[in-house]
Amino acid sequence: MKIYTLIAITLCLLFVNHQTVAQCCAAGNPITDDGSLGGGGKNIFDVSLLGSYSYSDIYYKGNHKSDYKYIDYSYFLYSSADFSYGVTDRLKFSAEIGYFFAKAQYFIFDQNRNATGLGDLVIGSQYLVYKNTKRSFNIFPRFRLTIPVGTFDKVDGSVMLPIDIQPSSGSFKYHFGLLFSKLYMGGKLAFFLDNSFEISQRIETSRTNYKYGNLISNSLYAGYKFTLNLTFALQLRSQYREKASDKNKELINATGGHVMFISPQLRYNFYKTWNVSLKYDYPFYKNMNGTQLTNNYVLSLRISKSINFNGK
Amino acid sequence: MRLAFLSLIIIAFVCATGCKKESKQEPGVETSVPKIVSLTSDKTSINFGGDDPAIITCVCTGGEISYEWEVDLGDIFVLNEDGSKVRFTGSECCIGEKVITCKASNDKGTISETIIIVIENP
């Protein structure tokens, strides 16, 4: 086991050591993955519905709160449908499509704006590349592709909306990840270590030329089953985003940064194949480049259903 | 029976013509190819933040003009009913030279003009 722990820690540190920075708001779908491994198995089809509310009203300069005010507050209400299917016991495909019911910004000078519309389509796969049944330890490489099918270059009245509240990301995103899982106490206690790297392609439409910074994300998830039906989980997540670049391909200073979240989650299983989970993402550490509006919290509710096509 | 049928047709005709949507274009308003006469701002440079906006006005001839504004980074808000006057500001992310485009269009065509505003760090 020691060797696996070493591999996991080394990979984690490898990703974390990159010098990168992050931004608060971004076009396109929010991160909906909770860093754990849901469903799985051959001919198992999982479907879930997610509702997510995010609120932001705190400016940060570096790692300190700032008195600066420009956007008074900002929020979004997002919902997505997620599907996954186990083609074999080792290979699983997934898809996600979302919709923004609101993506709003209220300014201190009595103006506001709101965008609604279809988010992006995300397709993905994960493969169980290593399995140690005796030690309940698994490794899964993962890949996800964001396809910009949603609403972009949206105009509100007479003004084209800025990029950060467009529902679609406007370009392809490539997401590479490596997930480690380890179970203890016969599966009662589960740990997941998820390391991922997301590359954002430059947005090049007739009206927009912009590139979001790439994203490096590391998370540690621990879930404990209190009863057969009730699981409590805690996730620690670190997100580094590189600076964005403008139409001249110059880096934009007040973009990018490092945010760390703590995310308690409660999951309840009912009627054997149904799950409902409630998650609260709280950013407890922020180190932003320049002065930026940062997130206060995200609240997510997910309901999911597993369908077994094995005929058991 | 024939009279009833005829009456029905007349009523249907009256309803169909009577319920016709009003044309957006007022009768008698003649349009021509739009031409931007001026695109001006009360300031050529502003400080980042919400307290120091630039007020930009686009004057266009041609009749029945609809305006559309865009900028790569920064925030534009319309100030008047026809959309010809806007307020421009930007946060720290938007420091530098910003090119603002005003696009004016009607049924005869579309024309656009740009103006440069510099967002500065005070």
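Given the structure is predicted, the values throughout are model-derived calculations rather than measurements. (Residues numbered from 1 in each chain as written. Chains lettered and ligands numbered in written order. Predicted model: local features only at pLDDT ≥ 70, side-chain atom pairs only at ≥ 80, totals over all residues. Heavy atoms only, no water.)

1. Description of the overall build of chain B
Right, so step 1: Check the secondary structure of chain B and you find one helix and eight strands.
Right, so step 2: Ordered by position from the N terminus, the helices and strands of chain B form the series α-β-β-β-β-β-β-β-β.
Right, so step 3: Taking all 122 residues of chain B together, 38% fall into the buried category.
Right, so step 4: The contacts in chain B between residues at least 6 apart in sequence include a share of 59% that link residues at least 24 apart. (Helix = DSSP H or I, 4+ residues; strand = E, 2+ residues; numbered from the N terminus. Buried < 20%, exposed > 50% of the residue type's maximum accessible area, 1.4 Å probe, protein only. Contact = heavy atoms within 4.5 Å.)

2. Here we look at the environment of A:Val122
Right, so step 1: Position of A:Val122 among the secondary structure elements: in strand 6 (residues 117-127).
Right, so step 2: Sequence separation between A:Val122 and A:Ser206 is 84 residues; the distance between their C-alpha atoms is 24 Å.

3. Considerations on the pattern of salt bridges
Opposite charge on two side chains permits pairing when their charged atoms draw close.
Right, so step 1: One pass over the full model with this rule turns up 11 salt bridges over all chains.
Right, so step 2: Here A:Lys69 makes a salt bridge to A:Asp72, at a shortest N to O gap of 3.9 Å.
Right, so step 3: The partly exposed category is assigned to A:Lys69, whose relative accessible area is 33%.
Right, so step 4: Ionic pairing is found between A:Arg207 and B:Glu70, a salt bridge with its closest N-O pair at 3.2 Å. Taken as a pair, A:Arg207 in the loop between strand 13 (203-204) and strand 14 (209-210) and B:Glu70 in strand 4 (residues 66-71) lie in two separate chains rather than in one.
Right, so step 5: Each of A:Arg207, B:Glu68 and B:Glu70 takes part in one network of salt bridges that share partners. (Salt bridge = Lys/Arg side-chain N within 4 Å of Asp/Glu carboxyl O.)

4. Section: a nonpolar patch on the surface
Residue and element names in this part refer to chain A.
Right, so step 1: On the surface, Leu-220, Phe-226, Phe-232, Leu-234, Leu-236, Leu-266, Leu-278, Tyr-280, Tyr-282, Phe-284, Leu-299 and Leu-301 cluster together into a nonpolar patch covering about 1100 Å² of accessible area.
Right, so step 2: The set of elements that each furnish at least two residues to the nonpolar patch consists of strand 16 (230-241) and strand 18 (274-308).
Right, so step 3: Tallying contributions element by element places strand 18 first for the nonpolar patch, with six residues.
Right, so step 4: When you line up the elements, Leu-234 lands in strand 16. (Patch = residues over 30% accessible without salt bridge, like charges linked within 9 Å, V, L, I, M, F, W, Y side chains within 5 Å. Areas by Shrake-Rupley, 256 points an atom, 1.4 Å probe, with all protein chains shown as cover.)

5. Some thoughts on the confidence of the model for chain B
All names here are of chain B.
Right, so step 1: When pLDDT is averaged across chain B, the result is 83; 77% of the residues are at 70 or more.
Right, so step 2: Contacts of residues 13-24 to residues separated by more than four positions or lying in other chains number one contact, the stretch itself having pLDDT below 50.
Right, so step 3: Both scores are given for the predicted complex: the pTM is 0.83, the ipTM 0.78. (pLDDT = per-residue confidence, 0-100.)

6. Re the interface of chain A and chain B
Right, so step 1: Residue-level contacts link 20 residues of chain A with 24 residues of chain B.
Right, so step 2: Here chain A and chain B share four salt bridges between them.
Right, so step 3: In this structure, A:Lys247 engages B:Asp72 in a salt bridge whose closest nitrogen and oxygen atoms are separated by 3.7 Å.
Right, so step 4: In this assembly, chain A and chain B are joined by 11 residue pairs in polar contact (both at pLDDT 80 or more).
Right, so step 5: When residues of the side of chain A that touches chain B are traced back to their parent elements, those giving at least two are strand 5 (112-114), strand 10 (159-160) and strand 18 of chain A. (Polar contact = N/O pair within 3.5 Å; in protein donor to acceptor, adjacent residues only side chain to side chain.)

7. With respect to the packing of aromatic side chains
Right, so step 1: Under the definition given, this model contains 30 aromatic pairs over all chains.
Right, so step 2: Measuring from centroid to centroid gives 5.6 Å for A:Tyr68 and B:Phe48, while their planes differ by 55 degrees, and the two rings are tilted. In this pair, A:Tyr68 sits in the loop between strand 2 (64-65) and strand 3 (71-86) while B:Phe48 sits in the loop between strand 2 (45-47) and strand 3 (49-61), so the two residues belong to two different chains. Note on accessibility: A:Tyr68 and B:Phe48 belong to one class, buried.
Right, so step 3: Plain terms: the ring middles of A:Tyr73 and A:Tyr106 are 4.7 Å apart, the flat faces sit at 5 degrees to each other, and that makes the pair stacked. Taken together, the positions of A:Tyr73 in strand 3 and A:Tyr106 in strand 4 (residues 91-107) put the pair 33 residues apart, joining distant regions of the chain.
Right, so step 4: A residue is classified by how much of its surface remains accessible, and A:Tyr73, at 26% relative accessible area, is partly exposed.
Right, so step 5: Taking the relative accessible area as the measure of exposure, A:Tyr106 reaches 27% and is therefore partly exposed.
Right, so step 6: An aromatic cluster of three or more residues is present, and its members are A:Tyr53, A:Tyr55, A:Tyr73, A:Tyr75, A:Tyr106, A:Tyr280 and A:Tyr297.
Right, so step 7: One residue, A:Lys103, lies across the ring of A:Phe100, its end atom 4.5 Å from the ring centre.
Right, so step 8: Over the aromatic face of A:Tyr184 sits the side chain of A:Lys182, whose NZ or CZ is 5.0 Å from the ring centroid. (Phe/Tyr/Trp six-rings, centres within 6.5 Å; stacked < 30°, edge-to-face > 60°. Lys NZ or Arg CZ within 6 Å of the ring centre and 35° of its normal.)

8. Quick look at unusual backbone geometry
Right, so step 1: Residues other than glycine seldom take positive phi values, yet A:Asp110 does so here, at roughly 60 degrees.
Right, so step 2: Within the secondary structure layout, A:Asp110 lies in the loop between strand 4 and strand 5.
Right, so step 3: Using a relative accessible area of 73% as the deciding quantity, one classes A:Asp110 as exposed.
Right, so step 4: At B:Glu64, a residue that is not glycine, the phi angle is positive and equals roughly 55 degrees.
Right, so step 5: Assignment of secondary structure puts B:Glu64 in the loop between strand 3 and strand 4.

9. Notes on the pairing of strand 12 (residues 189-200) of chain A
Residue and element names in this part refer to chain A.
Right, so step 1: Where burial is concerned, most of strand 12 is hidden: nine out of the 12 residues are buried.
Right, so step 2: Across 12 bridges, the pairing between strand 11 (residues 173-184) and strand 12 is antiparallel. From the neighbouring strand, Tyr-184 faces strand 12, where its bridge partner is Leu-189.
Right, so step 3: Between strand 11 and strand 12, which pair antiparallel and follow one another directly, the connecting turn spans four residues, one of which, Met-185, has a positive phi of 50 degrees.
Right, so step 4: With 10 bridges joining them, strand 12 and strand 15 (residues 215-225) adopt antiparallel strand pairing. Bridge pairing in strand 15 links Phe-192 to Tyr-221. (Pairing = 2+ DSSP bridges.)

10. Focus on the sheet that holds strand 6 (residues 85-90) of chain B
Consider a sheet: its strands pair through backbone hydrogen bonds, and that pairing is either parallel or antiparallel.
All names here are of chain B.
Right, so step 1: If you trace the four strands from one edge of the open sheet to the other, you get 1-3-6-5, paired in antiparallel fashion. Only two strands of the sheet have a single partner each, and these edge strands are strand 1 (35-41) and strand 5 (75-78). Looking at each pair of strands side by side, their axes are set apart by 25 degrees on average, direction ignored.
Right, so step 2: Note: strand 5 against strand 6, four bridges, orientation antiparallel. Along strand 6, the bridge assignment pairs Phe-77 with Arg-87. (Axes fitted to C-alpha atoms, helices over the stretch in contact; angles between N-to-C directions.)

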